[in-house]
Amino acid sequence: MDTAPASDRPDDQRQQEPPPYAEVQASAEFGELRRAHRSFAFPLTIAFVSWYLLYVLLSNYADDFMGTKLVGNINVALVFGLAQFLTTFLIAWWYSRHAAAKLDPRSAAIKSTLDGGA
């Protein structure tokens, strides 16, 4: 019984057939997985970066607006800053739900195909 790692075995003892990663990448299932990820991640990323840049620009150029007191010493800038944190957590939660519902089942099917369980 050969207990040497695969990288230490002679070429004739290694598995001769390469993994079918190129085939999987070219498959319709992988394209659907990639499309499902991109259609969620890209627009949301653009929206969040825009929201963040709006906050930064308002902080730099709209001092009067951002300094407007809402309640006591709480002003618009503080509310917008805290909303950045809230938005971050909401996006993470939303993405985890999206991944569980749309991405994980598709990736599991692709993985089972690679593992030979299809």
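Fair warning: this is a prediction, and the values are worked out from it, not measured in the lab. (Residues numbered from 1 in each chain as written. Predicted model: local features only at pLDDT ≥ 70, side-chain atom pairs only at ≥ 80, totals over all residues. Heavy atoms only, no water.)

**With respect to the overall build of the protein**
Step number 1: Across its full length, the protein carries four helices and two strands.
Step number 2: Counting helices and strands in the order they occur from the N terminus, the protein gives α-α-α-β-β-α.
Step number 3: Evaluated residue by residue, the protein yields a buried proportion of 17% over its 118 residues.
Step number 4: In the protein, the proportion of contacts linking residues at least 24 apart, taken out of those at least 6 apart, comes to 54%. (Helix = DSSP H or I, 4+ residues; strand = E, 2+ residues; numbered from the N terminus. Buried < 20%, exposed > 50% of the residue type's maximum accessible area, 1.4 Å probe, protein only. Contact = heavy atoms within 4.5 Å.)

**Section: the pattern of salt bridges**
Step number 1: All chains considered together, the criterion is met by one salt bridge.
Step number 2: The partner of K111 in a salt bridge is D115, and the shortest N-O contact between them spans 2.8 Å. You can see K111 and its partner D115 sitting in helix α4 (residues 76-115), four residues apart, about one turn around the helix.
Step number 3: Overall, K111 belongs to the exposed group, its relative accessible area being 51%.
Step number 4: Look at D115 and you get exposed, because its relative accessible area is 55%. (Salt bridge = Lys/Arg side-chain N within 4 Å of Asp/Glu carboxyl O.)

**Side note on the UniProt feature "transmembrane region" (unreviewed entry) in the protein**
Step number 1: Residues annotated by UniProt as "transmembrane region" (unreviewed entry) correspond here to residues 40-62 and 74-96.
Step number 2: The span residues 74-96 shows a helical share of 91% and a strand share of 9%, and its end C-alpha atoms are spaced 32 Å apart. (UniProt positions renumbered as here; feature names shortened; annotations may be inferred.)

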